Amino acid sequence: MTDDVRLLVLGPGAAVVSAALALYARAYLARRRLRRKRAFFGLPEHSEALFVVNREAGGPELTVTRHDVLSLLELSAVVKDCGAHTRLVAHDAAQQGFGERTEFCLGNPAIHRRMAAHMHSLLPGVRVNADPEPGPDRGAFQIGGERYRMEAGIAEYVLLARLTAGQDARPVFLFCGQRAITNQAATRYLARHHERLARKHGGSFVLLLKVVNSQAYGPDVVELVGEMTHAAREPLPAQSARSSHRAK
C-alpha cells in the first residue's frame, strides 16, 4: 500500500474518531455541569421546587405582582434546565418546614410571613425596618453593626441567601429586597452567576447586593457589597440593634 493510499484510508477514519471524541467530551462536560447545577440548587430530575410569593395588595387571590412574575421567570428557566418542576404557593399558605424540597422565597419580611419566619430562625443578625412612617430609616437593613438605607430608584439593597438545614437537606433561597425590583435583580444575579457562587461558597451563604439606579437601568446594574454570612447568622446584640449609622 502506497503512502497516498494509506493517507486516503486513514485520514477520514482519524477525522471520524476525532469528531466522536470531541462530541463525547462536550457531552461529558455538559452532563457534569448539569450535575453540579442540580446539586447547587437541590433539584434532581423530576423533583419539585417551591416558589413562595406575596399576594398582590394583600388580596385573597394569589395574584402575583409584575416584578415577582419577572423574578419567577428567571428562576423557572433554572428549574426547567434541571429537569424539575415548580409549585407556586402564597406566603401565608406555606405552612411546612424546609429541607424536603428546594424553596425560592421572594419578598420583604414586613409583609411576607414565610420570609419573616426564615429571617427570624435562620438570619437573626438581620433586621429590616418596617416602620410605615416616612423617614431615612424606612426599609433599611441592619446587618451586624452596619445599617443600609434605601434611596428609592438610586441605591437599593437586597439579600441573596442560600441556606440548608443539613448536609442532605434541600436548600432554601431567600431574595429579601427593599423593593420588588431588587428581588428581580437578585434572582437574575443568581441565575447568571450560580456556577461561580457554587465554586466560591459551596454550601450556605448570605450575600448583600446593591441595585444601582434602578429608575434608569431597572434590575440590570448590580454590585456585590459583600458576603454577610457570619454577621447575618449571629444574633444582634441589643445595643447594636438600637444603634444607627449609615454604611459607607
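To start, this report covers the structure provided alongside it.

So, how was this worked out
Residues numbered from 1 in each chain as written. Predicted model: local features only at pLDDT ≥ 70, side-chain atom pairs only at ≥ 80, totals over all residues. Heavy atoms only, no water. Patch = residues over 30% accessible without salt bridge, like charges linked within 9 Å, V, L, I, M, F, W, Y side chains within 5 Å. Areas by Shrake-Rupley, 256 points an atom, 1.4 Å probe, with all protein chains shown as cover. Salt bridge = Lys/Arg side-chain N within 4 Å of Asp/Glu carboxyl O. Lys, Arg positive; Asp, Glu negative; His and termini not counted. Charge placed at Lys NZ, Arg CZ, Asp CG, Glu CD. Helix = DSSP H or I, 4+ residues; strand = E, 2+ residues; numbered from the N terminus. Buried < 20%, exposed > 50% of the residue type's maximum accessible area, 1.4 Å probe, protein only. Core = buried A, V, L, I, M, F, W, Y, C linked by side-chain atoms within 4.5 Å. Pairing = 2+ DSSP bridges. Axes fitted to C-alpha atoms, helices over the stretch in contact; angles between N-to-C directions.

1. Some remarks on a positive patch on the surface
Next up, step 1: Together, Arg-31, Arg-32, Arg-35, Arg-36, Arg-196, Arg-199 and Lys-200 line one region of the surface with positive charge.
Next up, step 2: Those elements giving two or more residues to the positive patch turn out to be α1 (3–41) and α4 (180–201).
Next up, step 3: Counting residues per element, the positive patch draws most heavily on α1, at 4 residues.
Next up, step 4: Here Lys-200 shows up in helix α4.
Next up, step 5: A residue is classified by how much of its surface remains accessible, and Lys-200, at 57% relative accessible area, is exposed.

2. Remarks on the nonpolar core
Proteins that are soluble and globular tend to have nonpolar side chains buried together.
Next up, step 1: With 28 residues, the main nonpolar core has Phe-41, Phe-104, Leu-160, Phe-175, Leu-190 and Leu-197 as its most contacted residues.
Next up, step 2: Of all the elements in the fold, those that place two or more residues in this core are α1, β1 (48–53), α2 (66–81), β3 (102–106), β7 (155–163), β8 (172–177), α4 and β9 (205–212).
Next up, step 3: With 5 residues, the top contributor of residues to this core is α4.

3. Quick word on the sheet that holds strand β6 (residues 146–148)
Next up, step 1: The strand order across the open sheet built from 3 strands is β4-β5-β6, with neighbouring strands paired in antiparallel fashion. Pairing within the sheet leaves two strands with one partner each, and these edge strands are β4 (126–128) and β6. When strand polarity is set aside, the average angle formed by the axes of neighbouring strands in this sheet is 20°.
Next up, step 2: Across 3 bridges, the pairing between β4 and strand β5 (residues 141–143) is antiparallel. Note that in β5 the partner of Val-128 across the bridge is Phe-141.

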